Amino acid sequence: MSPSLAVLMDPIAGIHPHKDTTLALLLEAQRRGYRLLYMQQGDLALRQGRALARLAPLTVRDDADDWFTLGEASWRELAGIDYVFARKDPPVDAQFIYDTMVLEFAQRDGVRVVNDPRGLRDRNEKLFSLAFPHLCPPTAIARDAGELRRFVAEQGEVVLKPLDGMGGRSIFRSRHGDPNLNVILETLTGNGHGFAIAQKFIPEIAAGDKRILMIDGEPVPYALARIPQGDDFRGNLAAGGRGEGVPLGAGDRRIAAEVGPVLRQLGLRFVGLDVIGDWLTEINVTSPTCVRELDAQFGLNIAGMLFDRLEADR
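In this report, the structure presented in the accompanying data block is examined. Since the model is a prediction, treat every value here as computed from it, not as a measurement.

1. Observations concerning empty space enclosed by the protein
The full count for this structure, using the stated rule, is 2 cavities of 30 Å³ or more. Approximately 50 Å³ is the volume attributed to the largest cavity. Residue lining of the largest cavity: L25, F85, A86, R87, V114, N115, F270, V285, T286, S287, P288 and L306, and that is the complete set. With 3 residues, strand β7 (residues 83–87) is the single largest residue contributor to the lining of the largest cavity. Taken together, the residues of the lining of the largest cavity break down into 8 nonpolar, 3 polar and 1 charged. Roughly 50 Å³ of internal volume is contained in the second largest cavity. In this structure, the second largest cavity is lined by L8, A86, K88, F96, D99, T100, L103 and L120. Here the element with the most residues in the lining of the second largest cavity is helix α2 (residues 94–108); it accounts for 4 residues. Looking at the lining of the second largest cavity residue by residue, the class counts come to 5 nonpolar, 1 polar and 2 charged.

2. Things to note about the pairing of strand β15 (residues 222–227)
Successive residues of a regular strand alternate their side chains across the two faces of the sheet. With 5 of its 6 residues buried, β15 lies for the most part within the structure. With 3 bridges connecting them, strand β13 (residues 209–215) and β15 associate as antiparallel partners. What sits directly across from R211, in β15, is L224. Where β15 meets strand β16 (residues 242–247), 6 bridges bridge the pair, whose relative direction is antiparallel. For A223, the partnering residue across the bridge sits in β16 and is V246.

3. A closer look at the pattern of salt bridges
Scanning all chains against the criterion turns up 29 salt bridges. Close ionic contact of R31 with E28 constitutes a salt bridge, the shortest N to O distance being 2.7 Å. Of this pair, R31 and E28 both sit in helix α1 (residues 21–31), 3 residues apart, which is roughly one turn of the helix. In the salt-bridge network here, residues are joined through shared partners; they are E28, R31, R32, D308 and E311.

4. A few points about the environment of K19
Position of K19 among the secondary structure elements: in the loop between β1 (4–9) and α1. For K19 and R292, which are 273 residues apart along the polypeptide, the C-alpha to C-alpha distance reads 5.2 Å.

5. Let's talk about the pairing of strand β12 (residues 196–200)
In terms of residue burial, β12 counts as a mostly covered element, since 4 of its 5 residues are buried. Relative to β12, strand β10 (residues 157–162) runs antiparallel, the two sharing 5 bridges. Residue V159 lies in a different strand from β12, and its bridge partner there is Q199.

6. Looking at the sheet that holds strand β9 (residues 139–142)
Taken in spatial order, the 4 strands of this open sheet run β9-β12-β10-β11, and their pairing is antiparallel. Taken across any chain shown, the strands that pair with only one partner, and hence form the sheet edges, are β9 and β11 (172–175). Neighbouring strand axes in the sheet, compared pairwise and without regard to direction, differ in orientation by 25° on average. Taken together, the 4 bridges between β10 and β11 define a ladder with antiparallel strand orientation. Bridge pairing in β11 places L160 opposite F172. On top of the sheet, helix α4 (residues 145–155) reaches β9, β10, β11 and β12; it is set at about 10° to β12, its chief contact. Against the sheet, helix α5 (residues 181–189) contacts β9, β10, β11 and β12, and its axis sits at roughly 25° relative to β10.

7. Focus on the packing of aromatic side chains
Going through the model one piece at a time under the given rule, you end up with 6 aromatic pairs. Taking 6.1 Å as the distance between ring centres and 50° as the angle between the ring planes, the aromatic pair formed by Y34 and Y83 counts as tilted. Of this pair, Y34 sits in the loop between α1 and β2 (35–39) while Y83 sits in strand β7; the two residues are 49 residues apart in sequence, bridging distant segments of the chain. Under the relative-accessibility criterion, Y34 is labelled buried at 5%.

Rules behind the numbers
Residues numbered from 1 in each chain as written. Predicted model: local features only at pLDDT ≥ 70, side-chain atom pairs only at ≥ 80, totals over all residues. Heavy atoms only, no water. 1 Å grid on protein atoms, 1.4 Å probe; cavity = no way out; pocket = protein on both sides within 12 Å on 5 of 7 lines; lining within 4 Å. Points joined across faces, edges and corners; volume = space filled by probe spheres on them. Helix = DSSP H or I, 4+ residues; strand = E, 2+ residues; numbered from the N terminus. Nonpolar A, V, L, I, M, F, W, Y, C, P; charged D, E, K, R; others polar. Buried < 20%, exposed > 50% of the residue type's maximum accessible area, 1.4 Å probe, protein only. Pairing = 2+ DSSP bridges. Salt bridge = Lys/Arg side-chain N within 4 Å of Asp/Glu carboxyl O. Axes fitted to C-alpha atoms, helices over the stretch in contact; angles between N-to-C directions. Contact = heavy atoms within 4.5 Å. Phe/Tyr/Trp six-rings, centres within 6.5 Å; stacked < 30°, edge-to-face > 60°.

What is shown is where atoms sit, not what they do.
Written as structure tokens, this is what we have:
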């Protein structure tokens, strides 16, 4: 019988197929003979301690105009499915957390969940990097605006962002004495009700915010440097940054070598490290991207590298 792979993702009709990493993973799985099944957040359930999902048969194509076909969805237990790829984009809100709890029941019944549900739940992408403080630029996380203002005064120039953002949304560059600083902090913290992160501004962002993809704790040998364009300081591709593939440098490999064993221990099998200069700024565990760009620039098959590692453990 063909192996099966179910994917939990955002609506597949809304992706950008030419650069979507989840589609690249699905195309590789289909090429290897996997039977594909599709679900969204509302399609998960529990009954008497058994994880269920409303799953639709899925066929994918590498076609920018016609990239998928869905069959009729039906409810079934997740037990017996070989892999579930959890690829829901942030925010990591309460419903996301509940999804990971349901997927733990599936994992208990022998389903291989990528990435591990506990890792998805417990490792916030902004906070996780601070498990390696010596690799990170000076960073402060607080709800209290006064504490964040003190940090800005110490560092001079900073980047401020929410803990649950992605794609460059709600990221601010500010400095001590900025007349807009108070309103930025009010906006990010919701007037003190939510955490915000402040990080010392790293001028090397001009050369790109590098995305290093990690497979089973080992780095892909090339990173995608997401380079800011025009007068925007953000390198995120979703914010208009330009992606340029670069070989890993010595600093990149040093960071990967230190973080990699921890990722393996936590069952985080496919992860993206964000590095500016020689500083680790984020560890992306929910739905790391940039596979399509690196494959195209260097003739790689990163999805194939991931499946080789997964299948070696079967």
